[in-house]
Amino acid sequence: MLSFPSTLNSIDDLSNETILYLLDKALQIQHNPELFQLKNRPFVSTLFLENSTRTKNSFAISALKLNAHYIDINPETSSLKKGENFEETLLTLKAQGFELLIIRSSLNDQLSPFSINPPIKLINGGDGTREHPTQALLDLFTLSKTVGGLEHLKNKTISIHGDIFHSRVAKSLIKLLPQFGINIILTGPDEFLNNAENDFSKNITIEKDRSKAILQSDFIYLLRIQEERINKSDKSFSIRLKNYHENFGINLALLKSLNKKIPVFHPGPANIGIEIDDELIKSSLYLGHTQVQLSIPMRMAILHTMLKS
Ligand code: CP
């Protein structure tokens, strides 16, 4: 029997075997979703303390497709606004009969106190600059489908471009992808690569030259600048961002000039004209919307497994 954590806070919470199980289950769900109905109709909830279009809707649709009951908690009208703490909120949800909560938070350690024996099952839907484990899992699923199977990803290279320092998605990808033999090149402005070398080593290199990074890559993964996490008083930084697209962004002309028409991933939301241009995002190389599509079977696989464990 596969063991699945009651709190999915980090990629570290999942064994290699569990990740393989989820990838396989997501594939099965894609072909036969009717076989994965939850007959007991558990109550699933989302609490998003930061904005989201993709993650929240993807979990909502996934829960509904599994035949679960789904309720979104609006943080603005919840009792968190009246000073109720997070533990009391979870105990209240448990008393109401909820089995699982997906939470997004700007705090890096929101779920850490609940890693063992949480009142209800918990999924990290993105926390601060720390991790976004379900995004990384759906990205691995998309990558594997792009090459026709996980085994074909071994020794492939992906360059991750941009604001790695503030990106929770990058932090989860950096932990996940090397487990499957994928090499990672980190590239972007110095400010966004700070500490990257210290924090991560296995299968990961830094290449400050954007074109050299692309030339060594089989896939490109673009990141948005996380403006909301950057100290706005840092004037030198805002000046550098003014020329971001010219110096660090990716466009179709650049890929053509390098003769590298390779798939371009983006977790979204994309800022067109900054990390990517309009022509590239509308081209067949751009797989951001495929990632969104495939997020549903992957998140259905995660919810189904957690709710059955
Ligand atoms: N990828 C992602 O987390 O997007 P949202 O912020 O729209 O959920």
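About the criteria used
- Residues numbered from 1 in each chain as written.
- Predicted model: local features only at pLDDT ≥ 70, side-chain atom pairs only at ≥ 80, totals over all residues.
- Heavy atoms only, no water.
- Pairing = 2+ DSSP bridges.
- Helix = DSSP H or I, 4+ residues; strand = E, 2+ residues; numbered from the N terminus.
- Axes fitted to C-alpha atoms, helices over the stretch in contact; angles between N-to-C directions.
- Parallel < 35°, antiparallel > 145°, perpendicular 65-115°, else oblique.
- Left-handed = near helix turned anticlockwise from the far one by under 90°.
- Contact = heavy atoms within 4.5 Å.
- Nonpolar A, V, L, I, M, F, W, Y, C, P; charged D, E, K, R; others polar.
- Expected span 1.5 Å × (residues − 1).
- Buried < 20%, exposed > 50% of the residue type's maximum accessible area, 1.4 Å probe, protein only.
- Near = heavy atom within 4 Å.
- Polar contact = N/O pair within 3.5 Å; in protein donor to acceptor, adjacent residues only side chain to side chain.
- Areas by Shrake-Rupley, 256 points an atom, 1.4 Å probe, with all protein chains shown as cover.
- 1 Å grid on protein atoms, 1.4 Å probe; cavity = no way out; pocket = protein on both sides within 12 Å on 5 of 7 lines; lining within 4 Å.
- Sits in = over half its atoms within 2 Å of the grid points.
- Points joined across faces, edges and corners; volume = space filled by probe spheres on them.
- Phe/Tyr/Trp six-rings, centres within 6.5 Å; stacked < 30°, edge-to-face > 60°.
- Salt bridge = Lys/Arg side-chain N within 4 Å of Asp/Glu carboxyl O.

Enquirer: Mind laying out the sheet that holds strand β2 (residues 43–48), listing which residues take part and the relevant values?
Expert: Sheet architecture is open: five strands sit in the order β1-β5-β4-β2-β3, paired in parallel fashion. The open sheet terminates on both sides in strands that have one partner only, identified here as β1 (7–8) and β3 (69–73). Relative to strand β5 (residues 121–127), β1 runs parallel, the two being bridged by two bridges. Directly across from Leu8, in β5, lies its bridge partner Ile123.

Enquirer: Got a sec to walk through the packing of helix α2 (residues 54–65) against helix α13 (residues 288–308)? Specific residues and values, please.
Expert: In contact at an axis separation of 8 Å, α2 and α13 are set at 55° when each is read in the N-to-C sense. What the angle tells us is that α2 and α13 run oblique. Relative to α13, α2 is oriented so that their crossing is right-handed. Residues Arg54, Thr55, Ser58, Phe59, Ile61, Ser62, Ala63 and Lys65 of α2 touch α13, and the partners they reach there are Val292, Ser295, Ile296, Arg299, Met300 and Leu303. Taken together, the residues that form the contact of α2 with α13 break down as seven nonpolar, four polar and three charged.

Enquirer: Give a description of the environment of Tyr286 that names residues and reports values.
Expert: Its place among the elements puts Tyr286 in the loop between α12 (278–281) and α13. Each C-alpha atom of the pair Tyr286 and His132 lies 21 Å from the other, and the pair is 154 residues apart in sequence. Setting aside anything within four residues of it in sequence, one finds Tyr286 in contact with Val264, His266, Ala270, Ile276, Leu280 and Ile281.

Enquirer: Which residues make up α2, and what values do they have?
Expert: Counted at 1.5 Å a residue, the expected span for α2 with its twelve residues is 16 Å, and the 16 Å between its end C-alpha atoms agrees. Where α2 is concerned, the buried positions are Thr55, Ser58, Phe59, Ala60, Ser62 and Ala63. As for α2, its buried residues are in contact with β2, β3, β4 (98–105), β5, α4 (133–147) and α13. Backbone geometry just downstream of α2 places Asn67 in the positive-phi region, at approximately 80°.

Enquirer: Give a detailed account of the sheet that holds strand β6 (residues 157–161), specifying residues and quantitative values.
Expert: With parallel pairing, five strands are arranged side by side in an open sheet as β8-β7-β6-β9-β10. The open sheet has two free edges, formed respectively by β8 (204–206) and β10 (264–265), since each of these has just one partner strand. Alignment of strand β7 (residues 183–187) against β8, held across three bridges, turns out to be parallel. The residue of β8 that forms the bridge with Ile185 is Thr205.

Enquirer: Explain the site of the ligand residue by residue, including any values.
Expert: Contacts to the ligand come from Asn51, Ser52, Thr53, Arg54, Thr55, Arg104, His132, Gln135, Pro267 and Gly268. Thr55 places a side-chain nitrogen or oxygen 2.7 Å from an oxygen atom of the ligand. When isolated, the ligand has an accessible area of 250 Å², and the protein chains bury 92% of it. When each cavity is represented as a set of grid points, the ligand is found to reside in the largest pocket. Of the residues assigned to the shell around the ligand, the class counts are one nonpolar, seven polar and two charged.

Enquirer: Got a sec to walk through empty space enclosed by the protein? Specific residues and values, please.
Expert: Across all of its chains, the model carries one cavity of 30 Å³ or more by this definition. Approximately 50 Å³ is the volume found for the largest cavity. What lines the largest cavity is Arg54, Gln135, Leu138, Pro267, Gly288, Gln291, Val292, Ser295 and Arg299. Take the lining of the largest cavity: its biggest share by element is five residues, from α13. The residue inventory of the lining of the largest cavity, partitioned by class, reads three nonpolar, four polar and two charged.

Enquirer: So what's going on with the pairing of β3? Which residues, and what values?
Expert: Bridging between β2 and β3 involves five bridges; their strand directions are parallel. In the strand pairing of β3, Leu47 is matched with Ile73.

Enquirer: Go over the packing of aromatic side chains, please, and point to the residues and values.
Expert: In this structure the tally under the stated criterion is five aromatic pairs. Arranged with centres 5.5 Å apart and planes meeting at 80°, the rings of Phe86 and Phe114 form a pair that is edge-to-face. Residue Phe86 is located in helix α3 (residues 86–96), and its partner Phe114 is located in the loop between β4 and β5; the two are separated by 28 residues in the primary sequence. The residues Phe86 and Phe114 share a single accessibility class, namely buried. Between the aromatic rings of Phe219 and Phe265, the centroid separation amounts to 6.0 Å while the plane-to-plane angle is 80°, which identifies the pairing as edge-to-face. Here Phe219 is found in strand β9 (residues 219–222), whereas its partner Phe265 is found in strand β10, with 46 residues between them in sequence. The residues Phe219 and Phe265 share a single accessibility class, namely buried. One aromatic cluster is present, built from ring pairs that chain together Phe219, Tyr221 and Phe265.

Enquirer: Account for the pattern of salt bridges, with residues named and values stated.
Expert: Side chains bearing opposite charge may pair, as long as their charged atoms lie close to each other. Within the structure shown, the criterion is met by nine salt bridges. Of the charged contacts, one joins Asp190 and Lys208 as a salt bridge, the two residues approaching to 3.3 Å between their closest N and O atoms. Of the two residues, Asp190 is situated in helix α6 (residues 190–193) and Lys208 in the loop between β8 and α8 (210–215); the sequence distance between them amounts to 18 residues. What makes Lys208 exposed here is its relative accessible area of 52%. Within the structure, one salt-bridge network assembled from shared partners comprises Asp12, Glu131 and Lys175.

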